[in-house]
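Spelled out from the first residue to the last, the chains are:
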Number of protein chains: 2
Amino acid sequence: MTGIRELAQRLNLSIGTVSRALNGKPDVNEQTRQRVLEAADAMGYVPNQAGRSLRKGATGVIGFMMQTGAQITGEGDVFFMSVFDGVQTVLARHQLDLVALLCSSEEDPDAYMQRVVARGFADALIISATKREDHRIDYLASRNIPFIALGRSQTDAGHPWLDLDFEGMAETGVARLVSKGHRRIGIFAPLDDTNLGYVLIETYRKALEQRGLTFDPDLIFRAHPNERGGHDIAHAIAAMPATKRPTGFILTNELMTLGFYNGLYEVGLTPGEKFAVISRDSPQSHFLVPKLTSFRLSLRDLGIALAEALLATMPAYAAHYPLGVVRKIVPMELVEGDSDMPAATD
Amino acid sequence: MTGIRELAQRLNLSIGTVSRALNGKPDVNEQTRQRVLEAADAMGYVPNQAGRSLRKGATGVIGFMMQTGAQITGEGDVFFMSVFDGVQTVLARHQLDLVALLCSSEEDPDAYMQRVVARGFADALIISATKREDHRIDYLASRNIPFIALGRSQTDAGHPWLDLDFEGMAETGVARLVSKGHRRIGIFAPLDDTNLGYVLIETYRKALEQRGLTFDPDLIFRAHPNERGGHDIAHAIAAMPATKRPTGFILTNELMTLGFYNGLYEVGLTPGEKFAVISRDSPQSHFLVPKLTSFRLSLRDLGIALAEALLATMPAYAAHYPLGVVRKIVPMELVEGDSDMPAATD
């Protein structure tokens, strides 16, 4: 592999001159720069990025930390890939590359984050799956590493974030089902301390109480956020005494919908006929029968907003994106389907 | 932050021994390695990766290059995330991290690969979506970068690869449908020059001819490998004159199945009743009615095999994986469902 030393020797130039030419510094004359670039190309010169990273902190890479593992992405992903597509659209304008930093569910996210930072191969980070208290936020802030969180947290380092409108989903879901005569409304919540679980339950409780309905902890269904989790919730509902069961349900995870629908069919609680369902939209949900009443947003636009808000915090790009510190809840659109029929009158 | 120096002092070992223990070198006894790993864990040791990279060309990172974009992953991914899970299982044994290198479909994969190599942040690469002729293979081989391909190619650099058994899917699919009386059998193929398309069509043609059936190019259906593509193929089939239409179909992409099923329902070609379907298994396909006859493999096991075959080519890890240059077609299991009924007798 040809390094800068070989290149300088061949050209009979100093390493400093070659380096300045390769890095587009203004103090190299154009003819020399041209000679250097041509020789670099001909000799197959590969810049030693690790060295550049140590000196300048500029890797040209943005890392997106996501959790993987059998329970999280083991049944596929219908969220991140579309968000990535939007992020890449923005990064491509600046010749920046996106890499997905895959933190296994068997690993501590905080330790993983520290290792990512120590490896030093990204200029900035996007973190997701934020916890109620999230040490990654304090850690990144203390290291002065530009980052944005996809998801809120009680840990506040004055950092930028974007989040889906979980309040809106819980509030609209309850309002809609109550207006259709439902009195026992179930809701999904994650098993762990992901922040969105707290937001969902708080809003759900308030929305019920505002309408004179009693909050019943038995109507919160915790499961893994995947098809199997959706399927299991349907069976858990069927196992409840008929008078205790919910008659309608709010799902906020798009991976669970198909399993939930099929579980409901299996136990005879036909969606849209005997059981009301509102969920998140996904490409797969478009094929469901009956048509799903769902919350929709453009994941690509979410990715674009995320990348622009991140670049707004990076000195080299902030001038292009004078957005300040973005902290924004992204609204969802309710798309009416046939899955949330009125409650049966007793 | 605890560095290797502090760790060595605390353990009263030389920096070299600690380094070899941390890096999984074979010349450290197991008891010492265990002591070092425990102390590293207890003391919060963080390797200075940028420094390591400069000295040894070892970043501790394995890159998995995958293509993203609206037509490829725009509707989600039910493949790579499960493969990643298996890869991470192996890498975790050696304190290696997996990053996904996301090449946008709007970008030239060869140029992207060169940039990845120039950035120098991975010790080794896994490439996927191999083309009939794939310049990435020659490029990586010429740079002496350890890599493995998920997918075959006519470009042969003596490199290791794993691939799914597309021959088996085409051959078994044709044999099964012919034995059930089908004479016009459709097959999916990708729109671009992905190698698997050539393998599929060649095997499909041979399997038909061996059974005295004529190969008809109109029965090859090219589409984007996603739900929409599956849906569109169903409608394209319905638009053909009834005597020209296929009566059965072989799909080899798991993302397309749901859209294909629903498209068939829409045009009145009920799967398993009026139209025979064989496809790839996915978590989503388990919920289909009627039950899908499908080709199954463990994606996690595929990821494990991929990572072990890659490490077998890396000097620092080869001793753990004496596998040589792995070149292997991974067989699929046929799971019988109810979606491929016998052909109607005229």
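With an unreviewed UniProt entry as reference, chain A is termed DNA-binding LacI/PurR family transcriptional regulator, source organism Devosia subaequoris.

Caption draft 1: Layout of the sheet that holds strand S12 (residues 333-335) of chain B. Residues and elements named next belong to chain B. As summarised here, the arrangement of the six strands in space is S7-S6-S8-S9-S10-S12, forming an open sheet in which the pairing is mixed. The sheet is open, and its two borders are formed by strand S7 (220-222) and S12, each paired with just one other strand. Ignoring which end each strand starts from, the neighbouring axes of this sheet average 20° apart. Relative to strand S8 (residues 248-250), strand S6 (residues 185-189) runs parallel, the two being bridged by three bridges. Across the sheet, the residue bridging to Ile185 is Gly248, located in S8.

Caption draft 2: Summary view of the sheet that holds strand S1 (residues 61-68) of chain B. Overall, mixed pairing links the 12 strands, which are arranged S11(A)-S5(A)-S4(A)-S3(A)-S1(A)-S2(A)-S2(B)-S1(B)-S3(B)-S4(B)-S5(B)-S11(B) in an open sheet. The open sheet has two edge strands with one neighbour each: strand S11 (327-330) of chain A together with strand S11 (327-330) of chain B. When the angles between neighbouring strand axes are averaged without regard to direction, this sheet yields 20°. Where S1 of chain B meets strand S2 (residues 97-104) of chain B, eight bridges bridge the pair, whose relative direction is parallel. Across the sheet, residue Val61 of chain B finds its bridge partner in S2 of chain B, namely Asp97 of chain B. Contacts from helix H7 (residues 135-142) of chain B reach S1, strand S3 (124-128) and strand S4 (147-150) of chain B within the one sheet, and its direction differs from that of S3 of chain B by about 170°.

Caption draft 3: Focus on the pattern of salt bridges. All names here are of chain B. Using the criterion set out here, one finds 38 salt bridges over all chains in the structure. Salt-bridge contacts for Arg152 lead to Glu167; the nearest nitrogen and oxygen are separated by 2.6 Å. Placement of the pair is Arg152 in the loop between S4 and strand S5 (161-164) and Glu167 in helix H8 (residues 166-179), with a sequence separation of 15 residues. Taking the relative accessible area as the measure of exposure, Arg152 reaches 11% and is therefore buried. Salt-bridge contacts for Asp156 lead to Arg327; the nearest nitrogen and oxygen are separated by 2.8 Å. On the criterion of sequence distance, the pair formed by Asp156 in the loop between S4 and S5 and Arg327 in strand S11 is long-range, its members being 171 residues apart.

Caption draft 4: The side chain of Ser279 of chain A, seen in detail. All names here are of chain A. By the secondary structure assignment, Ser279 is in strand S9 (residues 276-280). The exposure class assigned to Ser279 is buried, which follows from its relative accessible area of 0%. At 2.9 Å, the side chain of Ser279 forms a polar contact with the side chain of Thr257. What Ser279 contacts, discounting residues up to four positions off in sequence, is Leu251, Asn253, Thr257, Leu292, Thr293, Ser294 and Phe295.

Caption draft 5: Highlighting the domain arrangement of chain A. Residue and element names in this part refer to chain A. Split into domains, chain A comes out as domain 1 (61-163 + 299-330) and domain 2 (166-297). Of note, the centres of domain 1 and domain 2, computed from C-alpha atoms alone, are 28 Å apart. On the side of domain 2, 20 residues touch domain 1, which itself brings 18 residues to the contact. Between domain 1 and domain 2, roughly 1600 Å² of surface is buried when both sides are summed, and carbon and sulfur atoms account for 50% of that area. Here domain 1 and domain 2 share four salt bridges between them. Here Lys131 makes a salt bridge to Asp192, at a shortest N to O gap of 3.2 Å. At the boundary of domain 1 with domain 2, the tally comes to eight residue pairs in polar contact (both at pLDDT 80 or more). At the level of secondary structure, the elements contributing two or more residues to the side of domain 1 that touches domain 2 comprise helix H12 (299-311) and S11. Of the residues that constitute the side of domain 1 that touches domain 2, the class distribution is eight nonpolar, five polar and five charged.

Rules and cut-offs
- Counting restarts for each chain: residues are numbered from 1 in the order of the written sequence.
- Chain letters start at A and ligand numbers start at 1, both assigned in the order the entries are written.
- Whole-chain, interface and lining totals are the exception, using all residues; otherwise, since this is a predicted model, local features are given only for residues with pLDDT of at least 70 and side-chain atom pairs are given and counted only at 80 or more.
- Side-chain figures throughout are based on the complete set of non-hydrogen atoms in the structure, without hydrogens or water.
- Pairing between two strands requires that DSSP report at least two bridges joining them.
- A helix here means a DSSP run of H or I that spans at least four residues, while a strand means a run of E at least two residues long, and both kinds are numbered starting from the N terminus.
- Axis lines are fitted through C-alpha atoms, for helices just across the contact stretch, and the angle between N-to-C directions can take any value from 0 to 180 degrees.
- The contact criterion used throughout is that any non-hydrogen atoms of two residues lie within 4.5 Å.
- A pair is scored as a salt bridge if a Lys or Arg side-chain nitrogen falls within 4 Å of a carboxyl oxygen belonging to Asp or Glu.
- Only protein chains enter the area calculation, which uses a 1.4 Å probe; residues under 20% of their type maximum are buried, those over 50% are exposed, and those in between are partly exposed.
- Under the rule applied, a polar contact is a pair of N or O atoms within 3.5 Å (in protein, one hydrogen donor and one hydrogen acceptor; residues adjacent in sequence only if both atoms are side-chain atoms).
- Each domain's limits were defined by an automated method or a database of domain assignments.
- Each of two parts loses accessible area, computed with a 1.4 Å probe, when they are put together; buried area is these two losses added.
- For this scheme, ten residues count as nonpolar: Ala, Val, Leu, Ile, Met, Phe, Trp, Tyr, Cys and Pro. Four count as charged, namely Asp, Glu, Lys and Arg, and the remainder, Gly too, count as polar.

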